[in-house]
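# Breakdown of the fold
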Amino acid sequence: MQPLQSATADPLHGLVSVPGDKSISHRALLLAAMAVGETEIEGLLEGEDVLRTVTALRALGVEITEAAGGKRRLYGVGVGGLAEPDGVLDFGNSGTGVRLMAGLLATHPFTSVLTGDASLRRRPMARIITPLEQMGARLLARAGSRLPMTVEGTAEPIPISYRLPLPSAQVKSAILLAGLNTPGRTTVVEPIATRDHTERLLTYLGARVEVSDAPEGDRAIEVVGQPELKGKKISIPSDPSSAAFLAVAALLVPDSEITLTRIGANRLRTGFYLTLAKMGAALDWQKKDEECGEPVADLNVKASSLSAIEVPAAWVPSMIDEYPILAVAAAAAEGTTVLNGLAELRVKESDRLAAIAQGLRASGVEVEESEDRLVIQGHGGRLPGGGTVRTHLDHRIAMAFLVLGMASERAVRIDDGSMIETSFPGFVDLVNGLGGRIMKEGSGA
Ligand code: S3P
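Below is a summary of the structure that appears in this document. All figures in this text were calculated on a predicted structure; none of them were measured in a lab.

Now for the site of the ligand. Around the ligand, a shell composed of Ser23, Arg27, Thr96, Arg127, Ser168, Ala169, Gln170, Arg195, Ile320, Asp321 and Lys348 is seen. In this structure, an oxygen atom belonging to the ligand sits 2.7 Å away from a side-chain N or O atom of Ser23. A distance of 2.6 Å separates an oxygen atom of the ligand from a polar atom in the side chain of Lys348. More than half of the atoms of the ligand fall within 2 Å of the grid points belonging to the largest pocket. Of all the secondary-structure elements, those providing two or more residues to the shell around the ligand are α1 (22-33) and α5 (169-180). Taken together, the residues that form the shell around the ligand break down as two nonpolar, four polar and five charged.

This is the structure:
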């Protein structure tokens, strides 16, 4: 446990580069492993979650080395080329790591055992077990479909067409990855579009992925199995979900202005920024560009007075990871904010709905929590703060409430900042370099 305190910040200023996108980093590693030849990855997130995927791939026979300038070099084994690991694969805190890897392993004909930390061992795996078993694999988990889980990959995979019962890019990606070593076409049907990084990167590396409209407004995503993927340079944009914490800090601390450079601007990830703009945030997207099939841009953020908003359930998939920090923005906005359709937040790294509500109350903010909704009474400016927030092994709860402290009268204490390393190594130093005052407890620094 690493308790931290965050006190009222000075105005934030500067050009900021946040670490690489977590979702794309996992996918870059997994897909490069399935390619033939060498892939150089630039901008990989060197956070705990992604490093677990590196370790797991090594245990499956993939060579990954460090190259100059913080790059990684990976020597692909080709589709279907992974080897049986001789130990348990431990994914730490990472739902994306374990679920995507389970997909890949489902069509490799050997047995692996997958586990994670206390938070990950509480999260449901049924969502991937059902489709992957339809493809012919056998997955055996603990009660409640919890990790540890054994994946017995099939030697005779069956291409399926599967309609997602819930909007989840992890489930979609697990199926598409299983489809790589499956003859014929594997199809995922999405009622609501979720982040499409797997599809974009597959296409970039030479696979055939076809996206078409399906009945009732659905989207069908089809991957043609057993492609020859080609190792190629991959450059990873900065993570818009990590940038979100700094953007809100700059919005809430008076007289701030920062520019976040080359962040991922995929429209299936930017719902949070559209929401902030509707709340009155001064956001300006600049230098729009593209990187390995992904849009990127710089984002200029100026301190702004925010107004409350009602966020519909339909927006959830495009901002699923941003609710902890959106709740902080809402707490500082003028008026009552209503966030709808949040049931999925209960099975993230923590029960985020409960963790957000507890954290806001501890910080002097009035909030109503129901099964899938939060109603937040905004303060229209500086927040009271002064409490201790429990983070429940959740990196995003930790960062969100450190940002709340920056915009509060009294310092906010979080019980544990250690999980921040999973997605945003260097967060505290970066924030303090811009004007933040986050301190390790007892150290005075
Ligand atoms: C992710 C998808 C989302 C998101 C997670 C990363 C991904 O999860 O919350 O942080 O990389 O595919 P779900 O697929 O469970 O919605």
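Picking up after the structure, the text goes on.
Attention now goes to the sheet that holds strand β6 (residues 89-90). Spatial ordering of the open sheet is given by β6-β7-β9-β8, a layout of four strands whose pairing is mixed. Both outer strands of the open sheet, β6 and β8 (138-142), are each paired with one neighbouring strand and no more. Packing of helix α4 (residues 126-134) onto the sheet brings it into contact with β8 and β9 (146-152), and relative to β8 it is tilted by some 160°.

With mixed pairing, the four strands of this open sheet are ordered in space as β4-β5-β3-β14. This sheet does not close on itself; its edge strands, each paired only once, are β4 (63-67) and β14 (234-235). Direction of pairing for strand β3 (residues 36-42) relative to strand β5 (residues 71-77): antiparallel, over a ladder of six bridges. Paired with Glu40 across the bridge in β5 is Arg73. Along the sheet face, α1 touches β3, β5 and β14 and points at about 35° away from the line of β5.

Time to look at the environment of Leu30. Inspection of the secondary structure puts Leu30 in helix α1. C-alpha separation for the pair Leu30 and Arg396, spaced 366 residues apart in sequence, amounts to 24 Å. Ignoring anything within four residues of it in the chain, the contact list for Leu30 reads Thr53, Leu57, Leu100, Met101, Leu104 and Leu177.

In this structure the tally under the stated criterion is 34 salt bridges. Across the pair Arg52 and Glu48 runs a salt bridge whose closest N-O atoms are separated by 3.0 Å. Of this pair, Arg52 and Glu48 both sit in helix α2 (residues 48-59), four residues apart, which is roughly one turn of that helix. In this structure Arg52 comes out as partly exposed when scored by relative accessible area, which is 25%. Note that Arg352 and Glu349 form a salt bridge whose closest N and O atoms lie 2.9 Å from each other. For Glu349, a relative accessible area of 7% translates into the label buried.

Looking now at helix α6 (residues 197-204). Among all positions of α6, only His197, Thr198, Glu199, Leu201 and Leu202 are buried. Once α6 finishes, Gly206 follows within two positions and takes phi at roughly 110°, a positive value.

The next thing to look at is the environment of Leu4. Secondary-structure assignment places Leu4 in strand β1 (residues 4-7). Taking the C-alpha atoms as reference points, Leu4 and Val412, separated by 408 residues in sequence, lie 8.4 Å from one another. Ignoring any residue separated from it by four or fewer positions in sequence, one finds Leu4 in contact with Leu402, Val412, Arg413, Ile414, Gly417, Ile420, Val428, Ile438, Met439 and Lys440.

What follows concerns the nonpolar core. Core analysis: the biggest nonpolar cluster contains 75 residues, and Leu260, Tyr273, Leu276, Tyr323, Leu360 and Phe427 have the highest contact counts within it. Per-element tally for this core: the top contributor is helix α7 (residues 240-252), with ten residues. With sequence-adjacent residues up to four places away left out, Tyr273 is seen in contact with Pro240, Ala243, Ala244, Ala247, Ile263, Leu283, Trp285 and Leu299. One finds Val54, Tyr162, Leu164 and Leu202 within the second-largest nonpolar core, a separate group that totals 65 residues.

Below, the discussion takes up the packing of helix α9 (residues 323-332) against helix α11 (residues 395-406). Where α9 contacts α11, the axes come no closer than 8 Å and their chain directions differ by 20°. On the basis of their axis angle, the class for α9 and α11 is roughly parallel. When you trace α9 past α11, the crossing you get is right-handed. From α9, Pro324, Ile325 and Val328 reach across to α11, where they touch Arg396, Ile397, Ala400, Val403 and Leu404. For the contact of α9 with α11, the per-class residue count stands at seven nonpolar, no polar and one charged.

Before going further, it helps to spend a moment on unusual backbone geometry. Trans peptide bonds make up the majority, and among non-glycine residues the majority have a negative phi. In this model, Leu147 is joined to Pro148 through a cis peptide bond whose omega is 0°. Here Pro148 shows up in strand β9. A positive phi angle is found at Gln226, which is not glycine, with a value near 50°. Within the secondary structure, Gln226 sits in the loop between β13 (219-224) and β14. For Gln226, a relative accessible area of 48% corresponds to the partly exposed category. In the Ramachandran plot, Lys287 falls in the positive-phi region, its phi being about 50° despite a non-glycine side chain.

Conventions we followed
Residues numbered from 1 in each chain as written. Predicted model: local features only at pLDDT ≥ 70, side-chain atom pairs only at ≥ 80, totals over all residues. Heavy atoms only, no water. Near = heavy atom within 4 Å. Polar contact = N/O pair within 3.5 Å; in protein donor to acceptor, adjacent residues only side chain to side chain. 1 Å grid on protein atoms, 1.4 Å probe; cavity = no way out; pocket = protein on both sides within 12 Å on 5 of 7 lines; lining within 4 Å. Sits in = over half its atoms within 2 Å of the grid points. Helix = DSSP H or I, 4+ residues; strand = E, 2+ residues; numbered from the N terminus. Nonpolar A, V, L, I, M, F, W, Y, C, P; charged D, E, K, R; others polar. Pairing = 2+ DSSP bridges. Contact = heavy atoms within 4.5 Å. Axes fitted to C-alpha atoms, helices over the stretch in contact; angles between N-to-C directions. Salt bridge = Lys/Arg side-chain N within 4 Å of Asp/Glu carboxyl O. Buried < 20%, exposed > 50% of the residue type's maximum accessible area, 1.4 Å probe, protein only. Core = buried A, V, L, I, M, F, W, Y, C linked by side-chain atoms within 4.5 Å. Parallel < 35°, antiparallel > 145°, perpendicular 65-115°, else oblique. Left-handed = near helix turned anticlockwise from the far one by under 90°.

By themselves these figures say nothing about function.
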